[in-house]
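Each chain is listed here by its residues.
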Protein chains: 2
Amino acid sequence: MAQTPALAQATAPGAGDTRERLLDAAERLFGENGFDGTSMRALARAAGTGLSAANYHFGSKEALLTAVMLRRINPVNELRMQRLEALEAQAGGAPLRVEAIVDAYLRPVFEIRAAFIQRDSPSPWLAARIYSDPSQAVTKLKRELFVGVQARFLPALQRALPQRDPRDLEVAQQLTTGLLVHVLSGNVSGSGLAGPDGGHDYGRILCQLVDFATAGLTSAPATRPASGGRPA
Amino acid sequence: MAQTPALAQATAPGAGDTRERLLDAAERLFGENGFDGTSMRALARAAGTGLSAANYHFGSKEALLTAVMLRRINPVNELRMQRLEALEAQAGGAPLRVEAIVDAYLRPVFEIRAAFIQRDSPSPWLAARIYSDPSQAVTKLKRELFVGVQARFLPALQRALPQRDPRDLEVAQQLTTGLLVHVLSGNVSGSGLAGPDGGHDYGRILCQLVDFATAGLTSAPATRPASGGRPA
DNA sequence: GTCTATATGTTGATAGAC
DNA sequence: GTCTATCAACATATAGAC
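Presented here is a report on the structure given in the accompanying data block.

Structural notes on the overall build of chain A
- Helix and strand counts for chain A stand at nine helices and zero strands.
- Along its sequence from the N terminus, chain A presents helices and strands in the succession α-α-α-α-α-α-α-α-α.
- Within chain A, the fraction of its 232 residues that count as buried is 53%.
- Partitioning the intrachain contacts of chain A with sequence separation of at least 6 by distance along the chain shows that 73% fall at a separation of at least 24.
- Accessible surface computed for chain A: about 10,100 Å², of which carbon and sulfur atoms make up 54%.

Right, dumping it as structure tokens:
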């Protein structure tokens, strides 16, 4: 529950040493302008240091992105896993409710995000930007960070919805991730996360996300086999 | 129904003049690597011409992006409007079915896309990439191109779902766009659009998208007022 | 219209002083 | 550890020949 993540060494919470300030600047600028749209110079300037300090601490731009991603995504994924395991332990072998699975998948992102923006940062959530970043430098990293969790949640969804085609369900799971990415990239105007104070009261948008995704995952294609073509 | 859009002057469909080849190359490269990740040099080389030709025809990189976006998005938006108007004319004042509205919003993208990839281009749909592109050069363009259609579809959704909070419904509409962006950016592996031959048989993924979005839009938050917090 | 050549600035990364 | 200075490569855009 401390402000500093588990990876960082002990630092003063107000100032932070250079390495920490570089990570903070990278989180904000990569999130706002993307990987290709952020230069190491702009990044160092935002951290109040020189260009060489960034390369000294991280070695390369790509390594810096990896570091700042890991710092945030690891706690999120651990929390997701904990929530899902708690649900399964409580259910004792019975299938879980879809809404509970979705909540365990979505809520940790908002919780961790809210815990780390006591600063003035209503910037987009870095991981969401990276998820839809076309730069070749991030595609590998993307898969390494997100595939594991999705592979862990999919079987739970399949047990909760045994009547659905497993492949369709996998697509629906990825669509759920798409909803999350869209919101956290700041593309949903009424969400309360796109504005200047975005990110603190996430209750409403999270409920809407959970409802939307739960309905989409559960949606039996009942109307499909009846009507072959496009509705006129 | 011709291969050449309304904006372009008559050109041979196989070869095309330099301007057309530049637009084709821009559509592919901007879609694959984003705005910042695509250089004018790489673009000219892909079009089989020199750097100066690109600047002669379009004046700047940003103007080239605008041109290639308009070439594809205008037909899509016109088709969306036509479909929605046809639905309303047929309904004669009665509210439309949600699924029909969603279909009118999503299907034209796939139809236009499939019509213009007789080439070897399984690349991401440019407009989807641009929608989540953080580059400042594209944000204005983005709004100009998409706000109109969304403003046109929202009232139809509100009439179809009068019991839903209009603001929640607007969020849900934007979430639907998020689903579309996610799929057309190539982030859904089982969709048939991420692979090498992606884009031609879009029937399955379109059905899944329509089902998911319809369920999400329709989803009455029935479970929400009963349970205040997170499900345990 | 398209080319070669160039102007002008920025990029990521490094060398060496301190 | 952090700085200034610098490298080689790349960026967008333009000038002028043809």
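A closer look at the environment of B:Val210
All names here are of chain B.
- Within the secondary structure, Val-210 sits in helix α9 (residues 203–218).
- Taking relative accessible area as the criterion, Val-210 reaches 5% and is therefore assigned buried.
- Taking the C-alpha atoms as reference points, Val-210 and Ala-115, 95 residues apart in sequence, are found 20 Å from one another.
- Beyond its immediate sequence surroundings of up to four residues, Val-210 is in contact with Glu-99, Val-102, Asp-103 and Leu-106.

Notes on the packing of helix α4 (residues 61–91) of chain A against helix α5 (residues 98–115) of chain A
Residue and element names in this part refer to chain A.
- Direction vectors running N to C along α4 and α5 enclose 150°, while the axes themselves pass 9 Å from each other. By the angle between their directions, the pair α4 and α5 is classed as roughly antiparallel. Classified by chirality, the crossing of α5 by α4 is right-handed. Along the contact surface, α4 presents Arg-72, Pro-75, Val-76, Leu-79, Arg-80, Arg-83, Leu-84 and Leu-87, while α5 presents Ala-100, Ile-101, Ala-104, Tyr-105, Arg-107, Pro-108, Val-109, Glu-111 and Ile-112.
- Among the residues making up the contact of α4 with α5, the classes are represented as 12 nonpolar, no polar and five charged.

Digging into the relation of the copies chain B and chain A
- Take chain B, turn it by 180°, move it 0.0 Å along the axis, and it overlays chain A with an RMSD of 0.0 Å. The superposition of one copy onto the other is thereby described by a two-fold rotation axis.
- Of the residues that chain B buries at the interface, 100% are likewise interface residues in chain A, meaning the two copies contact each other through the same surface.

Description of the interface of chain B and chain A
- Listed per partner, the contact involves 57 residues of chain B and 58 residues of chain A.
- Across the chain B/chain A interface, buried area totals approximately 4,600 Å², and carbon plus sulfur atoms make up 55% of it.
- Summed over the shared surface of chain B and chain A, the result is four salt bridges.
- Between B:Asp168 and A:Arg204 there is a salt bridge; the shortest N-O distance is 2.9 Å.
- At the junction of chain B with chain A, the criterion picks out eight residue pairs in polar contact (both at pLDDT 80 or more).
- For the side of chain B that touches chain A, the secondary structure elements donating two or more residues are α1 (18–33), α4 (61–91), α5 (98–115), α6 (126–131), α7 (136–160), α8 (166–184) and α9 of chain B.
- Broken down by element, the residue count for the side of chain B that touches chain A peaks at 13 residues, all from α8(B).

So, the nonpolar core
- One finds A:Met69, A:Phe110, B:Met69 and B:Phe110 to be the most contacted residues of the largest nonpolar core, which totals 137 residues.
- Setting aside anything within four residues of it in sequence, one finds B:Met69 in contact with B:Leu126, B:Ala127, B:Ile130, B:Leu141, B:Leu145 and B:Phe146.

Notes on the protein's contact with DNA strand C
All names here are of chain B.
- Taken together, 16 residues surround DNA strand C, and among them Thr-18, Thr-49, Gly-50, Ser-52 and His-57 come closest.
- Protein-adjacent atoms of DNA strand C, using a 4 Å cutoff, are sugar or phosphate at a proportion of 45%.
- When its residues are assigned to classes, the surface near DNA strand C shows three nonpolar, 10 polar and three charged.

Brief notes about the pattern of salt bridges
- Counted under the stated rule, the structure contains 27 salt bridges over all chains.
- The partner of A:Arg159 in a salt bridge is A:Glu88, with the nearest N and O atoms 3.2 Å apart. Pair noted here: A:Arg159 is in helix α7 (residues 136–160) and A:Glu88 is in helix α4, with a separation of 71 residues, a long-range link.
- In this structure, the salt-bridge partner of B:Arg71 is B:Glu20, at a minimum N-O distance of 3.3 Å. Here the residue B:Arg71 occupies a position in helix α4, and B:Glu20 occupies one in helix α1, the gap between them amounting to 51 residues.
- Owing to a relative accessible area of 10%, B:Glu20 belongs among the buried residues under this scheme.
- Three or more residues joined by partner-sharing salt bridges are found here, namely A:Glu20, A:Asp24, A:Glu27, A:Arg71 and A:Arg72.

Remarks on the protein's contact with DNA strand D
- Close to DNA strand D lie 16 residues; A:Thr18, A:Gly50, A:Ser52, A:His57 and B:Arg41 are nearest.
- Looking at DNA strand D alone, sugar and phosphate atoms form 47% of those within 4 Å of the protein.
- The contact in question runs from a phosphate oxygen of DNA strand D to an N or O atom on the backbone of A:Gly50, over 2.6 Å.
- A distance of 2.6 Å separates a base oxygen of DNA strand D from a polar side-chain atom of A:Ser52.
- Contributing elements (two or more residues each) for the surface near DNA strand D: α3 (51–58) of chain A together with α2 (40–46) and α3 (51–58) of chain B.

Details of helix α9 (residues 203–218) of chain A
- Helix length check: α9(A) (16 residues) gives 22 Å between terminal C-alpha atoms against 22 Å at 1.5 Å per residue, within 8%.
- The element α9(A) is largely enclosed, with a buried count of 12 among its 16 residues.
- Here α9(A) has its buried residues at A:Ile205, A:Leu206, A:Gln208, A:Leu209, A:Val210, A:Asp211, A:Phe212, A:Ala213, A:Thr214, A:Ala215, A:Gly216 and A:Leu217.
- If you follow the buried residues of α9(A), they end up packed against α5, α7 and α8 (166–184) of chain A together with α8 and α9 of chain B.

About the criteria used
Residues numbered from 1 in each chain as written. Chains lettered and ligands numbered in written order. Predicted model: local features only at pLDDT ≥ 70, side-chain atom pairs only at ≥ 80, totals over all residues. Heavy atoms only, no water. Helix = DSSP H or I, 4+ residues; strand = E, 2+ residues; numbered from the N terminus. Buried < 20%, exposed > 50% of the residue type's maximum accessible area, 1.4 Å probe, protein only. Contact = heavy atoms within 4.5 Å. Areas by Shrake-Rupley, 256 points an atom, 1.4 Å probe, with all protein chains shown as cover. Axes fitted to C-alpha atoms, helices over the stretch in contact; angles between N-to-C directions. Parallel < 35°, antiparallel > 145°, perpendicular 65-115°, else oblique. Left-handed = near helix turned anticlockwise from the far one by under 90°. Nonpolar A, V, L, I, M, F, W, Y, C, P; charged D, E, K, R; others polar. Least-squares fit on C-alpha atoms with pLDDT ≥ 70 in both. Buried area = accessible area lost by both parts, 1.4 Å probe. Salt bridge = Lys/Arg side-chain N within 4 Å of Asp/Glu carboxyl O. Polar contact = N/O pair within 3.5 Å; in protein donor to acceptor, adjacent residues only side chain to side chain. Core = buried A, V, L, I, M, F, W, Y, C linked by side-chain atoms within 4.5 Å. Near = heavy atom within 4 Å. Expected span 1.5 Å × (residues − 1).

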